[in-house]
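Notes for the structure review
Listed below are the residues making up each chain.
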Amino acid sequence: MDKRHIVISGQRGVGKSTLIEKLLREIEVPVRGFFTRSTPRNEEGYHSIYIFRPTDRERKMSRANHIGDCDGRNRTINVDVFETVGVEFLREGFHDTTTSSVIAMDELGFMETEARTFCETALSCFDGDRHVLATIKAHHRTEFLDAVRSHPKTEVFDITVENRDELYERLRTRILRWNEEFRSAR
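Anyway, here's the lowdown on the structure attached to this text. Residue numbers restart at each chain and count upward from 1, following the sequence in its written direction. Predicted model: local features are reported for residues with pLDDT of at least 70 only, side-chain atom pairs are reported and counted for 80 or more only, and whole-chain, interface and lining totals are derived from all residues. Excluding hydrogens and water, the side-chain figures rest on all heavy atoms present in the structure.

What follows covers the overall build of the chain. The helix and strand inventory of the chain stands at five helices and eight strands. Here the C-alpha atoms of the chain give a radius of gyration of 16 Å, agreeing with the 16 Å that 2.2 N^0.38 yields for 186 residues. In terms of its C-alpha atoms, the chain occupies a principal-axis envelope of roughly 50 × 40 × 35 Å. The cut-offs for exposure are 20% and 50% of the maximum accessible area for each residue type, with area from a 1.4 Å probe on protein chains only; residues under the lower value are buried, those over the upper are exposed, and the others partly exposed. Residue burial in the chain is summarised as follows: out of 186 residues, 48% are buried. Surface accessibility of the chain: about 9,800 Å² in total, with carbon and sulfur atoms responsible for 46%. For the chain, the distance from the average site of its 30 positive side-chain charges to the average site of its 32 negative ones is 2 Å. What counts as a helix is a DSSP run of H or I of at least four residues, what counts as a strand is a run of E of at least two, and both are numbered from the N terminus. Radius of gyration here is computed from C-alpha atoms only, and the compact-globule reference equals 2.2 Å multiplied by the residue count raised to the power 0.38. Per-residue and other accessible areas follow the Shrake-Rupley method at a 1.4 Å probe size, with only the shown protein chains counted as cover for residues. Residues scored as positive are Lys and Arg, those scored as negative are Asp and Glu, and His as well as the terminal groups of each chain are ignored. All charge positions are set by atom: Lys at NZ, Arg at CZ, Asp at CG, Glu at CD.

Let us look at the side chain of His 131. With respect to the helices and strands, the residue His 131 is situated in the loop between helix H3 (116-127) and strand S7 (132-137). On the accessibility criterion, His 131 (3% relative accessible area) is buried. For the purposes of these results, a polar contact is taken to be a pair of N or O atoms within 3.5 Å, where, inside protein, one atom must be able to donate a hydrogen and its partner to accept one; residues adjacent in sequence count only when each atom of the pair is a side-chain atom. In this structure the side chain of His 131 is engaged in a polar contact, spanning 3.2 Å, whose partner is the side chain of Trp 178. Beyond its immediate chain neighbours, meaning those up to four positions away, His 131 contacts Arg 4, His 5, Ser 101, Val 102, Ile 103, Trp 178, Glu 181 and Phe 182. The criterion used for residue contact is that any of the two residues' heavy atoms lie within 4.5 Å.

Expected span, for any helix, means 1.5 Å times one less than how many residues it has. Spanning 17 residues, helix H2 (residues 79-95) covers 23 Å between terminal C-alpha atoms, matching the ideal 24 Å at 1.5 Å per step. Bend is computed residue by residue as the angle between axes fitted to the seven residues ending at the residue and the seven residues starting at it. Along its length, H2 shows its largest kink, about 30°, at Val 87. Those residues of H2 that fall on the buried side of the exposure criterion are Val 81, Phe 82, Val 85, Gly 86, Val 87, Phe 89, Leu 90 and Gly 93.

On to the nonpolar core. Counting residues in hydrophobic clusters, the biggest one holds 29 residues, and the most contacted among them are Phe 34, Leu 90, Met 105, Leu 108, Phe 118 and Phe 126. For this core, the secondary structure elements donating two or more residues are strand S3 (47-52), strand S4 (66-70), H2, strand S6 (102-108), H3, S7 and helix H4 (143-149). Beyond its immediate chain neighbours, meaning those up to four positions away, Phe 126 contacts His 5, Val 7, Met 105, Leu 108, Val 132, Ala 134, Val 148, His 151, Lys 153 and Thr 154. As used in this record, nonpolar core signifies buried Ala, Val, Leu, Ile, Met, Phe, Trp, Tyr and Cys residues forming a set joined through side-chain atoms within 4.5 Å. Within the second largest apolar cluster, 22 residues are counted, among which are Ile 20, Leu 23, Ile 27 and Val 31.

Only Phe, Tyr and Trp rings take part, Trp by its six-membered ring, and two of them pair if their centres are within 6.5 Å. Stacked means planes under 30 degrees apart, edge-to-face means over 60, and tilted covers everything else. What the rule picks out here adds up to two aromatic pairs. Centroid distance Phe 82 to Phe 118: 5.2 Å. Interplanar angle 65°. Geometry classified as edge-to-face. You can see Phe 82 sitting in helix H2 and its partner Phe 118 sitting in helix H3, a full 36 residues away along the chain. Taken individually, Phe 82 and Phe 118 each receive the classification buried, so the pair is uniform in this respect. Members of the aromatic cluster, connected to one another through ring pairs, are Phe 34, Phe 82 and Phe 118. Remark: a charge is flagged as sitting over a ring if the NZ atom of Lys or the CZ atom of Arg is within 6 Å of the ring centre and within 35 degrees of the ring normal. Taking NZ or CZ as reference, Lys 22 lies 4.1 Å from the ring centre of Tyr 168, over its face. Sitting over the face of the ring of Phe 35, Arg 59 holds its NZ or CZ atom 5.3 Å from the ring centroid.

Before going further, it helps to examine the pattern of salt bridges. In what follows, salt bridge is the name for a side-chain nitrogen of Lys or Arg lying within 4 Å of a carboxyl oxygen of Asp or Glu. A full pass over the atoms with the stated rule returns 14 salt bridges. Note that Arg 183 and Glu 28 form a salt bridge whose closest N and O atoms lie 2.4 Å from each other. Remark: Glu 28 occurs in the loop between helix H1 (16-24) and strand S2 (31-38) and Arg 183 occurs in helix H5 (residues 164-185); sequence separation between them is 155 residues. Under the relative-accessibility criterion, Arg 183 is labelled partly exposed at 40%.

Definitions used throughout: a 1 Å grid over protein atoms alone; a cavity as a set of points that fits a 1.4 Å probe which cannot get out; a pocket as an open set with protein on both sides within 12 Å along at least five of seven lines; a lining residue as one with an atom within 4 Å of a point. Grid points are joined across faces, edges and corners, and a volume is the space filled by probe spheres set on the points. What the largest pocket holds in volume is close to 750 Å³. Taken together, 33 residues line the largest pocket, and the ones lying closest to its centre are Arg 12, Lys 16, Ser 38, Glu 107 and Lys 137. If you list the elements that add at least two residues to the lining of the largest pocket, you get H1, S2, S3, S4 and S6. Of the residues forming the lining of the largest pocket, the biggest block, four residues, is contributed by S2. Partitioning the lining of the largest pocket into residue classes produces 11 nonpolar, 14 polar and eight charged. Empty space within the second largest pocket amounts to approximately 180 Å³. Lining of the second largest pocket is provided by Thr 113, Arg 116, Cys 119, Glu 120, Leu 123, Thr 142, Glu 143, Phe 144 and Ala 147. For the lining of the second largest pocket, the secondary structure elements donating two or more residues are H3 and H4. Per-element accounting of the lining of the second largest pocket gives the leading share, four residues, to H3. Each residue gets one label: Ala, Val, Leu, Ile, Met, Phe, Trp, Tyr, Cys and Pro are nonpolar, Asp, Glu, Lys and Arg are charged, and the others, such as Gly, are polar.

Written out as structure tokens, the structure reads:
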């Protein structure tokens, strides 16, 4: 089966988001989906996490896109934001009939586990024909994350500090092939 989708797996701080952003700059079609970004950690280690569209130039952090807070062990999760905003961002990717697009998911982790509609929508993106470029936390094991890792159309690439430059070059070649595919479909 065709491995249409790329999932980059790694520990916190190894460069998953940096790599996906570099690869997305190579893509010649619109990018849909979502990015998550965290605030700096406070003195107790807590940080807030927000969800954005890849096209959001100004990344405002508000209650409407606040998916939760965590310190690595303890967390509060705003399931409603995953189920509304997150689902909307994903559906834009596979309902866009005007053009080819790529669906970005940066980052899939443990927080969305209770957001059933979000998880189902994300998995339906992997079932589809639009390319998905995603990042995932390396060692978190949930039913949802395991389904992403083992999806038949997905190839998982492990990123480390030592291999991230080589991995960029390797994945960039795949992205350039995606661009050729988009051009030939026009």
